[in-house]
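The primary structure of each chain is shown beneath.
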Amino acid sequence: VFGVAYPDGVVAELSVANADKGVLPADEVASRVASYRAASSSLPLPGLAITQFALFSEKARLFPGSSFVVGYDTAVRIMD
């Protein structure tokens, strides 16, 4: 995990697994981490946790008591 320590333990999460798309290739993970790291050098972004959990039920066990911010498409998939 790297980035800014936000109040109340706010952290961004990058999962290498996706329930609909499978596992990201290692070079794609490295590219996304590099992009986040570059952006965090000029913006106060929260720390980044890299996980292997594809489902929010799994993420909820990893980060108990957490709230998740998701986009519209992901929210629709969660509700289905």
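What you are looking at is a predicted structure, and each value in this text was computed from that prediction instead of being measured.

Definitions and cut-offs
- Residues numbered from 1 in each chain as written.
- Predicted model: local features only at pLDDT ≥ 70, side-chain atom pairs only at ≥ 80, totals over all residues.
- Heavy atoms only, no water.
- Helix = DSSP H or I, 4+ residues; strand = E, 2+ residues; numbered from the N terminus.
- Buried < 20%, exposed > 50% of the residue type's maximum accessible area, 1.4 Å probe, protein only.
- Areas by Shrake-Rupley, 256 points an atom, 1.4 Å probe, with all protein chains shown as cover.
- Core = buried A, V, L, I, M, F, W, Y, C linked by side-chain atoms within 4.5 Å.
- Contact = heavy atoms within 4.5 Å.
- Patch = residues over 30% accessible without salt bridge, like charges linked within 9 Å, V, L, I, M, F, W, Y side chains within 5 Å.
- Salt bridge = Lys/Arg side-chain N within 4 Å of Asp/Glu carboxyl O.
- Pairing = 2+ DSSP bridges.
- pLDDT = per-residue confidence, 0-100.
- Expected span 1.5 Å × (residues − 1).
- Arc of directions from axis to C-beta.

Details of the overall build of the protein
- Broken down by element type, the protein carries three helices and four strands.
- In the protein, the order of α-helices and β-strands from amino to carboxyl end is β-β-β-α-β-α-α.
- Burial status across the protein gives 20% buried among its 80 residues.
- Accessible area for the protein stands at about 5,700 Å²; split by element, carbon and sulfur atoms hold 59% of it.

With respect to the nonpolar core
- With seven residues, the main nonpolar core is built from Ala12, Leu14, Val16, Val29, Val33, Tyr36 and Leu48.
- Mapped by element, the contributors of at least two residues to this core are strand S1 (11-15) and helix H1 (26-40).
- Looking at which element gives the most residues to this core, the answer is H1, with three residues.
- Contact partners of Val29, with chain neighbours within four places excluded, come to Leu14, Val16 and Leu24.

Quick look at a nonpolar patch on the surface
- Taken together, Phe68, Val70, Ile78 and Met79 make up a surface patch of nonpolar side chains, about 380 Å² in accessible area.
- Tracing the backbone through its elements, the reader meets Ile78 in helix H3 (residues 72-79).
- Residue Ile78 is classed as partly exposed on the basis of its relative accessible area, which comes to 44%.

Quick look at the pairing of strand S4 (residues 47-51)
- Among the five residues in S4, four count as buried, and that is most of the element.
- The sheet contact formed by S1 and S4 spans five bridges and is parallel. In the strand pairing of S4, Ala12 is matched with Leu48.

Observations concerning the confidence of the model for the protein
- Put simply, the protein has an average pLDDT of 85, and 90% of its residues get 70 or more.
- By mean pLDDT, the top-scoring element of the protein is strand S3 (residues 22-23) (94), and the lowest-scoring one is H3 (86).

A short note on H1
- Compared with the 21 Å implied by 1.5 Å per residue over 15 residues, the 21 Å span of H1 between its first and last C-alpha is a close match.
- By the burial criterion, the buried members of H1 are Val29, Val33, Tyr36 and Ser40. Looking down the long axis of H1, one finds its buried residues gathered within 60° of arc, a one-sided arrangement.
- Its buried side turned inward, H1 meets S1 and S4.

A look at the pattern of salt bridges
- The full count for this structure, using the stated rule, is three salt bridges.
- For Glu13, the salt bridge is made with Lys59, and the minimal N-O distance between the two is 3.1 Å. Taken together, the residues Glu13 in strand S1 and Lys59 in helix H2 (residues 56-62) connect sequence positions 46 residues apart.
- Its relative accessible area of 28% is what places Glu13 among the partly exposed residues.
- The salt bridge involving Asp20 is made with Arg77; its shortest N-O contact spans 2.8 Å. Here Arg77 lies in helix H3 and Asp20 lies in the loop between strand S2 (17-18) and S3, a separation of 57 residues in the sequence.
- According to the relative accessible area criterion, Asp20 is exposed, its value standing at 55%.
- With a relative accessible area of 41%, Arg77 lands in the partly exposed category.

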